[in-house]
Amino acid sequence: MNKYPPKPNRSQHSTAPPCFKFRPKSISFWSPSVSLRCLQMNPTRRFKRVASKPNRSIQPSQSSNDLETRTSQRSKSVTVRTKRKPRQIQPPPQPKLKIESSPVSDPSFPKTTILSPGFFQIDALDLAPRLLGKFLRRDDVVLQITEVEAYRPNDSACHGRFGITSRTAPVFGPGGHAYVYLCYGLHTMLNVVADKEGVGAAVLIRACAPVCGLETIQQRRGQQTEKPILLTGPGKVGQALGISTEWSNHPLYAPGGLELLDGPQPEKILVGPRVGIEYALPEHVSALWRFAIAGTSWISAPKNTLRSP
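Read on for a plain summary of the structure. (Residues numbered from 1 in each chain as written. Predicted model: local features only at pLDDT ≥ 70, side-chain atom pairs only at ≥ 80, totals over all residues. Heavy atoms only, no water.)

Topic: the overall build of the chain
Of regular secondary structure, the chain possesses 7 helices and 8 strands. Relative to its 309 residues, the chain shows a buried fraction of 37%. Contacts in the chain between residues at least 24 apart in sequence constitute 65% of all its contacts with a sequence separation of at least 6. Summed over all atoms, the accessible surface of the chain reaches about 20,100 Å², with 56% contributed by carbon and sulfur. (Helix = DSSP H or I, 4+ residues; strand = E, 2+ residues; numbered from the N terminus. Buried < 20%, exposed > 50% of the residue type's maximum accessible area, 1.4 Å probe, protein only. Contact = heavy atoms within 4.5 Å. Areas by Shrake-Rupley, 256 points an atom, 1.4 Å probe, with all protein chains shown as cover.)

Put into structure tokens, the structure is as follows:
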């Protein structure tokens, strides 16, 4: 009997059990010795990566600081721009009114006398040039008359040709009263009755120059301007004075309300045919019964028909 058991036959176990088939390789792959070998073979590779990480992390931080600095500078520049005051465009200086040199602007103007009734008791053709330079006053508005037209009895352009009616009755009143009518139902036209009662004559106020109450004039006219367009026209004069047909037959020589005040006599005047009376007879259309102050821009159109007498 053998002392030792018989050795197993290797041929009977030529193959290892499945569970032990890949163990040697797995043990050798995951063993500490293998990982240690890898570290020994490449000792600087991991350290390079670790050392490079701080460098990569520093660069973004530096760029972010630069970005913050740039954005802060931009925000500062923006705030500086917002602090700048907006550029103000100054309007061009407006021309001064020539009427400022008139005696009306003098402090003694309130002492100017009202024209007497006898001043108006003359022929309309004589009264018209005498009204140039005189002043119309209502409330705080004062206007200087610069252009007029005369309308006489037996004149085919005068409203008196229709006889006495409810509309034309003031024309036949005594001189010195107002005759106010509507033109085309829109424009208020102011006339100064001339001559004696029953004659039927008047003088139309065609244009004026502002003296006092410019803001009131602009408000009534609806125009913020100081140019002659403000008062060069009979309808504009009536609107600037704020009158209506109810002022017709009002005495212009009475204190209060609408007054006609004395003023300087112009040095030179211009004459020409009247405007808008094409319906009248030829001799009345061509009659030089339009009068204006020479050398002033406060004259209505047309100006090319005016000339020295």
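Overview of the packing of helix α5 (residues 214-221) against helix α6 (residues 234-241)
Remark: α5 packs on α6, axes separated minimally by 8 Å, with the N-to-C direction vectors making an angle of 115°. Note on packing geometry: the crossing formed by α5 with α6 is right-handed. Between α5 and α6, the contacting residues are I217, R220 and R221 on the first element and K236, Q239, A240 and L241 on the second. Broken down by class, the residue content of the contact of α5 with α6 amounts to 3 nonpolar, 1 polar and 3 charged. (Axes fitted to C-alpha atoms, helices over the stretch in contact; angles between N-to-C directions. Left-handed = near helix turned anticlockwise from the far one by under 90°. Nonpolar A, V, L, I, M, F, W, Y, C, P; charged D, E, K, R; others polar.)

Looking at the packing of aromatic side chains
Per the stated rule, a full pass over the model turns up 2 aromatic pairs. Ring geometry for F119 versus F120: centroids 5.3 Å apart, planes at 85°, classification edge-to-face. In this pair, the class of F119 matches that of F120, namely buried. Across from the ring centre of Y151, 4.7 Å away, lies the NZ or CZ of R274, which sits over that ring. (Phe/Tyr/Trp six-rings, centres within 6.5 Å; stacked < 30°, edge-to-face > 60°. Lys NZ or Arg CZ within 6 Å of the ring centre and 35° of its normal.)

Brief notes about the pattern of salt bridges
Following the criterion strictly, the structure yields 9 salt bridges and no others. Between K134 and D262 there is a salt bridge, with its nearest N and O atoms 3.9 Å apart. Taken together, the residues span a long stretch of sequence, with K134 in the loop between α4 (124-131) and β1 (135-138) and D262 in the loop between β6 (258-261) and β7 (269-272) at a distance of 128 residues. K134 gets classed as buried once you look at its relative accessible area, which sits at 6%. Since its relative accessible area comes to 31%, D262 is described here as partly exposed. A salt bridge links R206 to E147, with the nearest nitrogen and oxygen atoms 3.2 Å apart. In this pair, R206 sits in strand β5 (residues 201-212) while E147 sits in strand β2 (residues 141-151), placing the two residues 59 residues apart along the sequence. (Salt bridge = Lys/Arg side-chain N within 4 Å of Asp/Glu carboxyl O.)

Let's talk about the environment of L136
In this fold, L136 is placed in strand β1. By relative accessible area, L136 is classed as buried at 0%. Sequence-wise, L136 and D262 are 126 residues apart; in three dimensions their C-alpha atoms are separated by 9.1 Å. With near-sequence residues (within four places) excluded, L136 lies in contact with V141, V142, L143, I145, L190, I205, C208, L241, E259 and L260.

Digging into α5
For α5, the full list of buried residues reads T216, I217, Q218 and R221. Where α5 is buried, its residues touch β2, β5 and α6. Just past α5, the residue G222 takes up positive phi, approximately 75°.

As for the environment of R152
Among the structural elements, R152 can be located in the loop between β2 and β3 (178-183). Exposure remark for R152: the relative accessible area of 26% places this residue in the partly exposed category. Beyond its immediate chain neighbours, meaning those up to four positions away, R152 contacts D123, A124, L125, C158, G200, A201 and W289. Only 3.1 Å separates the side chain of R152 from the side chain of D123, close enough to count as a polar contact. (Polar contact = N/O pair within 3.5 Å; in protein donor to acceptor, adjacent residues only side chain to side chain.)

Focus on the side chain of T146
Within the secondary structure, T146 sits in strand β2. Given the relative accessible area of 2%, T146 is considered buried. Leaving out residues up to four positions away in the same chain, T146 has contacts with L132, A207, C208, A209, F291, A292, I293 and W298.

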